[in-house]
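# Architecture and fold: a report
Chain by chain, the residues:
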Amino acid sequence: MTPTTAAEGPPGAGASRPRIHRAWFVAVVTFVTIIGAAAFRSLPGLLIDPLNEEFGWSRGTIGLAVSINLALYGLTAPFAAALMDRFGIRRVVAVALVVIAAGSGLTVWMDSAWQLLLCWGLLVGLGSGSMALAFAATVTNRWFTARRGLVTGILTAASASGQLIFLPLLSWIVEAHKWRPAAVTVALAALAVVPFVWLLLRDHPADVGTTPYGSEEFVEKPPPVTGAARRTVGVLFKAVRTGPFWLLAGTFAICGASTNGLVQTHFVPAAHDHGMPITAAASLLAVVGVFDVVGTVASGWFTDRFDARRLLAVYYALRGISLLFLPMLLAPSVHPPMIFFIVFYGLDWVATVPPTLALCREHYGEDSAIVFGWVLASHQVGAALVAFLGGVARDTFGSYDVVWYASGALCAAAALMALVIRRRHADAGLVAGLA
């Protein structure tokens, strides 16, 4: 039975208010779906050694498939947001899950490297990118007018939660039962989510005769927006003519560089350089993910109450300081200062997402989900560059110290960039420039 509220339907409908607004059910389905998307992206890294041993493919070839996956994850997001405006959230997400299932399942029969690039690079990359943070932004924009920061934080934390849940499970399956059962597990997990998406996810509050959470005003469902790809590119061309876009894209590129590109890629080998066992270093990285969930949800709560620009400045400044101290903390064993770094850094891992999305929403209004998709693409580009350059620096200098110091300096620059983002004026907003 579909819940109703006193504010449901056109004004004057006069229904009773439920204890839980329908928007929260939509948020739960979105949370579960994003958890799955994170899990789908976890497996490719686990396939490098097994595929190298079985097929003799070089790690560079296998790594290319992972690189295509990561790039498409970022570049698909803005187009996915536009497709959701055209065809609806439910249809786009359901199709994306089927594409992921096909990409993962078909790998069981592959015998050539190009098939890996097609399946895990193209198909899984496109599918998981369609359920990236732009998906969370679209749901939040449509279903919530209050608690948007909190909901953004919770949905952002879903990505870290998915890796925490599925990465250990998939690694155990690969180790105990080889890689094919793990690929089948991912395919079945994707298909299992489809019925929940189709039955429980709705595109707009008007579809069930209710209002967005926090609003007493009924909002009619807008008509489908045609020309999704053209609109996505058009929004980008208009956004690049505004200062806030470049500042948001620049800060988020540094965010990706100092998290996924740097710590997620190079922390374990850097710790191993100092004599720490790989298992201990990997465990510390998992703990980062635990506190990432706490930090991101808290950041969403803060974003509802404080200036998003100042929050970003604080987050980047604290991250930069922590990275400057890291070379002094690396040692053969885990000690209390290192644990403090892991907790501190974990709380700040993706705490930048809720205020960044809030600023996109403030400056770009209805186009904010697409703009955020492009900002997210810059995050992935930054991550990819530092993942590569960090390895080059290690080969050149014999240690990662210069990488940590350079990243700390970049974070300081990001803090300054966040502070100079101007506030949107009510009488001359940038949204008008994008209309």
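Preceding block: the structure.
Residues numbered from 1 in each chain as written. Predicted model: local features only at pLDDT ≥ 70, side-chain atom pairs only at ≥ 80, totals over all residues. Heavy atoms only, no water.

### Some thoughts on the overall build of the protein chain
Helix and strand counts for the protein chain stand at 18 helices and 0 strands. Of all 435 residues assigned to the protein chain, the portion counted as buried reaches 52%. The contacts of the protein chain with a sequence gap of at least 6 include a subset with a gap of at least 24, amounting to 81%. Taken as a whole, the protein chain presents about 18,500 Å² of accessible surface, with 69% of it coming from carbon and sulfur. (Helix = DSSP H or I, 4+ residues; strand = E, 2+ residues; numbered from the N terminus. Buried < 20%, exposed > 50% of the residue type's maximum accessible area, 1.4 Å probe, protein only. Contact = heavy atoms within 4.5 Å. Areas by Shrake-Rupley, 256 points an atom, 1.4 Å probe, with all protein chains shown as cover.)

### A closer look at the pattern of salt bridges
Overall, the coordinates contain 4 salt bridges when judged by the stated rule. For Asp307, the salt bridge identified is with Arg310, shortest N-O distance 2.7 Å. Judged by relative accessible area, which is 17%, Asp307 ranks as buried. Residue classification places Arg310 among the exposed positions, given a relative accessible area of 51%. (Salt bridge = Lys/Arg side-chain N within 4 Å of Asp/Glu carboxyl O.)

### So, unusual backbone geometry
Among all residues save glycine, negative phi is the norm, and among peptide bonds the norm is trans. Positioned with a positive phi, Lys178 is a non-glycine residue whose angle comes to about 75°. Considering the arrangement of structural elements, one finds Lys178 in the loop between α7 (148-177) and α8 (179-200).

### Re the packing of aromatic side chains
All told, the structure shown has 10 aromatic pairs when counted by the stated rule. Relative to Tyr345, the ring of Phe341 has its centre 5.5 Å away and its plane inclined at 20°; by these criteria the two rings are stacked. Here Tyr345 and Phe341 lie together in helix α14 (residues 336-347), a separation of 4 residues that amounts to about one turn. The exposure classification of Phe341 matches that of Tyr345, with both residues buried. Taken together, the ring pairs in this structure connect Trp301, Phe302 and Phe306 into an aromatic cluster. Seen from the ring of Trp198, Arg90 lies directly overhead, with NZ or CZ sitting 4.4 Å from the centre. (Phe/Tyr/Trp six-rings, centres within 6.5 Å; stacked < 30°, edge-to-face > 60°. Lys NZ or Arg CZ within 6 Å of the ring centre and 35° of its normal.)

### Considering the nonpolar core
Counting 64 residues, the largest nonpolar core has Phe245, Val263, Phe267, Met338 and Trp404 as its most contacted members. It is helix α16 (residues 368-397) that provides the largest number of residues to this core, a total of 10 residues. Listed in part, the 31 residues of the second largest apolar core include Ala27, Ile35, Ile89 and Ala158. (Core = buried A, V, L, I, M, F, W, Y, C linked by side-chain atoms within 4.5 Å.)

### Points about α8
An α-helical turn contains 3.6 residues, so a residue and the one three or four places further along point in the same direction. With 22 residues, α8 extends 33 Å between its outermost C-alpha atoms, agreeing within 8% with the 32 Å of an ideal straight helix rising 1.5 Å per residue. Every buried residue of α8 is listed here: Trp179, Ala182, Ala183, Val186, Ala187, Ala190, Val193, Val194 and Val197. (Expected span 1.5 Å × (residues − 1).)

### Things to note about the packing of helix α10 (residues 243-258) against helix α15 (residues 353-364)
Closest axis-to-axis distance for the α10/α15 pair is 11 Å, and the angle between their directions is 165°. Relative to α15, the element α10 lies roughly antiparallel. As α10 runs across α15, the sense of the crossing is left-handed. Counting all contacts with α10, which are made through Pro244, Phe245, Leu248 and Phe252, the residues of α15 involved are Val353, Thr356, Leu359, Cys360, His363 and Tyr364. Residues of the contact of α10 with α15, tallied by class, amount to 8 nonpolar, 2 polar and no charged. (Axes fitted to C-alpha atoms, helices over the stretch in contact; angles between N-to-C directions. Parallel < 35°, antiparallel > 145°, perpendicular 65-115°, else oblique. Left-handed = near helix turned anticlockwise from the far one by under 90°. Nonpolar A, V, L, I, M, F, W, Y, C, P; charged D, E, K, R; others polar.)

### Considering the environment of Ala414
Turning to its location among the elements, Ala414 is positioned in helix α17 (residues 401-419). Separated by 162 residues in sequence, Ala414 and Phe252 place their C-alpha atoms 8.3 Å apart. The residues contacting Ala414, other than those within four sequence positions of it, are Thr251, Ile254 and Tyr316.

### Notes on the environment of Gly261
One can find Gly261 in the loop between α10 and α11 (263-273). Taking C-alpha positions, Gly261 is 9.4 Å from His379, a pair spaced 118 residues apart along the chain.

### Concerning α11
Buried residues of α11: Val263, His266, Phe267, Val268, Ala270 and Ala271, and no others. Just past α11, the residue Gly275 takes up positive phi, approximately 95°.

### Remarks on the side chain of Arg309
Considering the arrangement of structural elements, one finds Arg309 in helix α13 (residues 308-329). Here Ile421 takes part through its backbone oxygen, which lies 2.9 Å from a polar atom of the side chain of Arg309. If sequence neighbours within four positions are ignored, Arg309 has contacts with Leu359, Ala418, Leu419, Ile421, Arg422 and Arg423. (Polar contact = N/O pair within 3.5 Å; in protein donor to acceptor, adjacent residues only side chain to side chain.)

### Structural notes on the packing of helix α4 (residues 89-106) against helix α5 (residues 113-129)
Each pair of packed helices can be described by the angle between their axes along with the distance between the axes. Close contact between α4 and α5 brings their axes to 8 Å; oriented N to C, the two are set at 160°. When the axis of α4 is compared with that of α5, the two are roughly antiparallel. For the pair α4 and α5, the sense of crossing is left-handed. Where α4 abuts α5, its residues Ala96, Val99, Ile100, Gly103, Ser104 and Leu106 lie against Cys119, Trp120, Leu123, Val124, Gly127 and Ser128. Its residues assigned to classes, the contact of α4 with α5 comprises 8 nonpolar, 4 polar and no charged.

### Some words on a nonpolar patch on the surface
Together, Val314, Leu318, Ile321, Leu324, Phe325, Met328 and Tyr405 make up an exposed nonpolar region whose accessible area comes to about 660 Å². Considering each element in turn, the nonpolar patch owes the most residues, 6 residues, to α13. Within the element layout of this structure, Met328 appears in helix α13. (Patch = residues over 30% accessible without salt bridge, like charges linked within 9 Å, V, L, I, M, F, W, Y side chains within 5 Å.)

### Examining the side chain of Thr30
Looking at where Thr30 falls in the secondary structure, it is placed in helix α1 (residues 22-46). Those residues within four positions of Thr30 in sequence are excluded, and the remaining contacts are Phe135, Val139, Leu155 and Leu201.

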